[in-house]
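Close look at the chain arrangement
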Amino acid sequence: MQLTLWTYEGPPHVGAMRVATAMRNVHYVLHAPQGDTYADLLFTMIERRDRRPPVTYTTFQARDLGGDTAGLFQQACRDAYERFRPEVLLVGASCTAELLQDDPGGLAAAVGLPVPVIPLELPSYQRKENWGAAETFYRLVRALAQPAAGTARARPRCNLLGPVALGFRHRDDVAAVTALLDRLGADVHVTAPLGASPADLATLADADCNIVLYPEIAATAAQWLGRSFGMPCVTLPPIGVSATRDFIAEVARVLGLDPAPVLADPGTRAPWYARSVDSTYLTGKRVFVFGDATHAIAAARIATAELGLSLVGLGTYSRELARDVRAAANAYGVEPLITDDYLDVEKAIIAAQPELVLGSQMERHVAKRLGIPCAVISAPVHVQDFPARFSPQMGFEGADVIFDTWVHPLMMGLEEHLLSMFRDDFEFNDSAAPSHIAAAPAPATLAWAAEAEQELKKIPFFVRGKARRNTETFAQSRGLSLITVEALYDAKAHFAR
Amino acid sequence: MNGALHEVGAVQEAGHAAGCADAPVLRQRGQREVFCGLTGIVWLHRKIQDAFFLVVGSRTCAHLIQSAAGVMIFAEPRFATAIIEERDLAGLADANDELDSVVGRLIARRPEIKLLFLVGSCPSEVIKLDLSRAAQRLSRSLAPAVRVLSYSGSGIETTFTQGEDACLAALVADLPTTRARRLLVVGALADVVEDQFRRLFAAIGIADVDFLPPRRAADLPAVGAGTMFLLAQPFLADTARALESRGATRIAAPFPLGAEGTTLWLRAAAEAFGIAPARLREATGIAEHRARTALARHKAMLAGKRIFFFPDSQLEVPLARFLARELGMRPVEVGTPYLHRAHLAEELALLPAGPLLSEGQDVDRQLDRCRAARPDLTVCGLGLANPLEAEGLATKWSIELLFTPIQGYEQAGDLADLFARPLVRRLKLAV
């Protein structure tokens, strides 16, 4: 047993849901008890999706266990097909159903639906979310991809593989990379899983190459496409200016295009901003990096080579790609941290004493508690990681977004300079209120009864100030000199909308 | 579908003057879009301030609790999951040793913990890991510093708020015995609400009041033949049964939602303790009037609006009663995961006839009914809210009704506001 407080990754069937939800015309029948439907809210709330994930849960209960959970599963398959009419049905079990050993694949096949049924074997007690997503995508590709039809085209075409639902900026990365490829002279054939239908997956081999944007999710499927159809593959996620240059050069080489025009006019401000004098203060600032392997390795490279920071820690929760992170950490001369225990990460952050933390939402909370500036670079995601504006991580535009996102939490160069000049100044210190905020008015002759003061403390801290002001305003308007519990609630009723 | 619904409504309106007491109930089984009982940990660990909740389950359980709570790491939380791994599934003796070692590490790390709940999950129930025996064993080895109890929050046995029921029922077995005549208020309430009720009971003349769960493990109330208990939440079937088996008597009452509900709830307690109606009126009059004033402000927005409840917390029937009687809303369907006839008898009698009562869920069919009915407001879980909004239906997330103080006079206006706000917002937005 592993003691876990917060987890970086959910169970593998959540990874399967991220693939199914990203695609069109796919439905996933999950043998699962009531409660597992919580996963729906990840998509509808965090990503603000406007429809439910295409998942039917069998919702078996304790009283079904002695009886016919298999029959329940088959009925759920029939009902889901009738209602949703998918092109492909994915079937599988969550952690509890795995223990029942009902064999969803065999049961679904026996139902005899007129569409392909793809069974998913996702061992919940060994594997996690990203592995589940990779396995699901691989199973889909393997079941559906057909040999190339071999049509001639004016421009070469690539598949963009890996973007899924609940991915860190996947939606925007796809747009940025598609635009970049267009400038290079290549078209996108299929983007998958995000936005693809099973029929699209059938034509994957018609592209001239595969581009793996997120190896955590698409490496297995791309390797299989390479083995089966001889498709070349580019696995250099274009995160950061240098990585984007490498990516362009490699895609151009594979497709026989000329990278020179795009490389000559990248249209990014980040390199110049990094060289501008104000950025001098960034030199050697200590940065700690933790996230999924792809984003962590990319962040380490940007932080050191493109911003001039000093890397003091590098780690990942992706055990599947731990080797890559170890290699990168060794190259930077830091100890690699491979763990999915956030307390270990917190310990490492405290020990490394960084001035900037680049991590997931979990590290953001740790950094906030420690008072260290932080920027988010990786899943697990939060509603904040789906900004309304276009904000990719990939391509030259992504490099500019990253420059802004990472540098803004830090104090700017001139501010730091002023701070040391005015240190210990009587008007300019931590405890003095900013001068543009008027000095607090002298307290009126209002007294709070001890009981009312106690009651006020039960109000959540973020609205307590407002409650106190409102109550005092109310008491003054009524000519009260002592604020009692009754007065507090009278004021609450008075000010309620 | 719409026609059928109206037919049901018409039959009931014609047939029953006594509210929904005898209304037929549509029972459905199928996919349920609800949380399991583990979710209760999110508010229970805030309530009992020196308790720790250790779920013995899978990565899914850990992910569920963290997702239901939002990723809010303000502090090291007082809950965790002992994740069962492949090697634990090999043999039970091994799993028990593993559990002991996890608990040992936990207690060493958190010495301030006085009460530890081992919380069963779907996988622990299926592999028949006996957590009650584990709790006894650990209680012996950790006594007297830490008391260890167990309950199941598994989705194969509990729906959402039933987790609190199971937790409190486990506490009941551990309560000391008394013969004193005391009032026990049962069900987790926000501290601020609890204090308001304590003051009201004192004003009414009931001084000996205990609350379950207590804020601290050491303050467990005593219970016995003299105990009269008043449920503050409608989902406490097992807890009530456990209290009755300890000799306590349940005071039948509606639930303290809204001005009327709160008064009837307090009145039931006053009657049980032989307190004159005049004294009750004197003690509650001002606060009740304040609540009615606060409610009046929301009536214009809510009166006449049609409301549809998806099953979630078992609070649906009391909420529908409050919204129908005090704010003039028209419930279309009142879905609840489980309809406890006895505990809801007073509520059902008060709920005006008309709505379809449904128990259990087949979510796709219920969505069909909801779309056909086109209610003005739909109360549902977070998995359904945005999709329904995208279809043009205004929604109220039901989970907020558990995380926000809503009981009692001073919160009546806040409760109405929770329902009015989505409608007000729609009027404001011009994009």
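Residues numbered from 1 in each chain as written. Chains lettered and ligands numbered in written order. Predicted model: local features only at pLDDT ≥ 70, side-chain atom pairs only at ≥ 80, totals over all residues. Heavy atoms only, no water.

1. With respect to the domain arrangement of chain A
Residues and elements named next belong to chain A.
- For chain A, the assigned domains read domain 1 (12–128), domain 2 (157–264), domain 3 (270–418) and domain 4 (424–497).
- If you look at the interface, domain 2 gives 27 residues, while domain 3 gives 31 residues.
- The contact between domain 2 and domain 3 buries some 2,500 Å² in all, and 66% of this surface belongs to carbon and sulfur atoms.
- Three residues stand out in domain 2 for area buried against domain 3, namely Phe-168, Arg-169 and Ile-239, and they jointly supply 32% of the buried area on that side.
- Where domain 2 touches domain 3, the interface holds 1 salt bridge.
- Arg-301 serves as the salt-bridge partner of Asp-246, at 2.8 Å between the closest nitrogen and oxygen.
- Joining domain 2 to domain 3, the criterion identifies 12 residue pairs in polar contact (both at pLDDT 80 or more).
- Of all the secondary structure elements, the ones that give two or more residues to the side of domain 2 that touches domain 3 are helix 8 (170–184), helix 10 (215–229) and helix 11 (241–255). (Domains from an automatic or database assignment. Contact = heavy atoms within 4.5 Å. Buried area = accessible area lost by both parts, 1.4 Å probe. Salt bridge = Lys/Arg side-chain N within 4 Å of Asp/Glu carboxyl O. Polar contact = N/O pair within 3.5 Å; in protein donor to acceptor, adjacent residues only side chain to side chain. Helix = DSSP H or I, 4+ residues; strand = E, 2+ residues; numbered from the N terminus.)

2. Considerations on the side chain of His-189 of chain A
All names here are of chain A.
- Its place among the elements puts His-189 in strand 7 (residues 187–192).
- Polar side-chain contacts of His-189 include one of 2.9 Å to the side chain of Arg-157.
- Among residues more than four places away in sequence, those in contact with His-189 are Arg-157, Cys-158, Asn-159, Thr-203, Leu-204, Asp-206 and Ala-207.

3. Concerning helix 7 (residues 162–172) of chain B
- Of all 11 residues that make up helix 7 of chain B, 11 are buried, and the element is covered over most of its length.
- Taken residue by residue, helix 7 of chain B has Gln-162, Gly-163, Glu-164, Asp-165, Ala-166, Cys-167, Leu-168, Ala-169, Ala-170, Leu-171 and Val-172 of chain B as its buried positions. (Buried < 20%, exposed > 50% of the residue type's maximum accessible area, 1.4 Å probe, protein only.)

4. Focus: the interface of chain B and chain A
- Each side of the interface is counted separately: chain B has 79 residues, and chain A has 67 residues.
- Counting the surface lost from both chain B and chain A, the interface buries some 6,500 Å², and carbon and sulfur atoms represent 57% of this.
- Our count for the chain B to chain A interface comes out at 10 salt bridges.
- Close ionic contact of Asp-490 of chain A with Arg-290 of chain B constitutes a salt bridge, the shortest N to O distance being 2.6 Å.
- At the surface where chain B touches chain A, the tally comes to 32 residue pairs in polar contact (both at pLDDT 80 or more).
- Looking at the side of chain B that touches chain A, its residues break down into 38 nonpolar, 17 polar and 24 charged. (Nonpolar A, V, L, I, M, F, W, Y, C, P; charged D, E, K, R; others polar.)

5. Focus on the pattern of salt bridges
- Scanning the entire structure with this criterion turns up 56 salt bridges over all chains.
- A salt bridge links Arg-85 of chain A to Glu-82 of chain A, with the shortest nitrogen-to-oxygen separation between them at 3.0 Å.
- The partner of Asp-340 of chain A in a salt bridge is Lys-128 of chain A, with the nearest N and O atoms 2.6 Å apart. Placement of the pair is Asp-340 of chain A in the loop between strand 12 (336–338) and helix 16 (342–352) and Lys-128 of chain A in the loop between strand 5 (117–119) and helix 7 (129–144), with a sequence separation of 212 residues.
- Judged by relative accessible area, which is 11%, Asp-340 of chain A ranks as buried.
- When salt bridges with common partners are traced through the structure, they connect Glu-455 and Lys-458 of chain A together with Lys-47, Asp-191, Glu-194, Asp-195, Arg-198, Arg-199 and Arg-215 of chain B into a single cluster.

6. What about the packing of helix 8 (residues 191–204) of chain B against helix 10 (residues 258–272) of chain B?
Residue and element names in this part refer to chain B.
- Running from N to C, helix 8 and helix 10 cross one another at 50°; their axes reach a closest spacing of 11 Å. Comparing their axes, helix 10 and helix 8 come out oblique. Of the two possible hands of crossing, helix 8 and helix 10 adopt the one that is right-handed. Residues Phe-197, Leu-200, Phe-201 and Ile-204 of helix 8 pack against Thr-262, Trp-265, Leu-266, Ala-269 and Ala-270 of helix 10.
- Partitioning the contact of helix 8 with helix 10 into residue classes produces 8 nonpolar, 1 polar and no charged. (Axes fitted to C-alpha atoms, helices over the stretch in contact; angles between N-to-C directions. Parallel < 35°, antiparallel > 145°, perpendicular 65-115°, else oblique. Left-handed = near helix turned anticlockwise from the far one by under 90°.)

7. Some details on the packing of aromatic side chains
- Overall, the coordinates contain 14 aromatic pairs over all chains when judged by the stated rule.
- With a centroid separation of 4.9 Å and an interplanar angle of 15°, the aromatic rings of Tyr-8 of chain A and Tyr-317 of chain A are classed as stacked. Placement of Tyr-8 of chain A in the loop between strand 1 (2–4) and helix 1 (12–22) and of Tyr-317 of chain A in the loop between strand 11 (310–316) and helix 15 (322–332) is noted, with a sequence separation of 309 residues between them.
- Between the aromatic rings of Trp-43 of chain B and Phe-160 of chain B, the centroid separation amounts to 5.7 Å while the plane-to-plane angle is 85°, which identifies the pairing as edge-to-face. Of this pair, Trp-43 of chain B sits in helix 2 (residues 41–47) while Phe-160 of chain B is found in the loop between strand 5 (147–152) and helix 7, placing the two residues 117 residues apart along the sequence.
- The class for Trp-43 of chain B is buried, based on a relative accessible area of 10%.
- With relative accessibility at 0%, the residue Phe-160 of chain B sits in the buried group.
- In this structure an aromatic cluster arises from ring pairing among Phe-35, Trp-43, Phe-160 and Phe-403 of chain B.
- It is Arg-468 of chain A that lies over the ring of Trp-448 of chain A; its NZ or CZ is 5.1 Å from the centre.
- Cation over ring: Arg-181 of chain B sits above Phe-273 of chain B, and NZ or CZ is 4.7 Å from the ring centre. (Phe/Tyr/Trp six-rings, centres within 6.5 Å; stacked < 30°, edge-to-face > 60°. Lys NZ or Arg CZ within 6 Å of the ring centre and 35° of its normal.)

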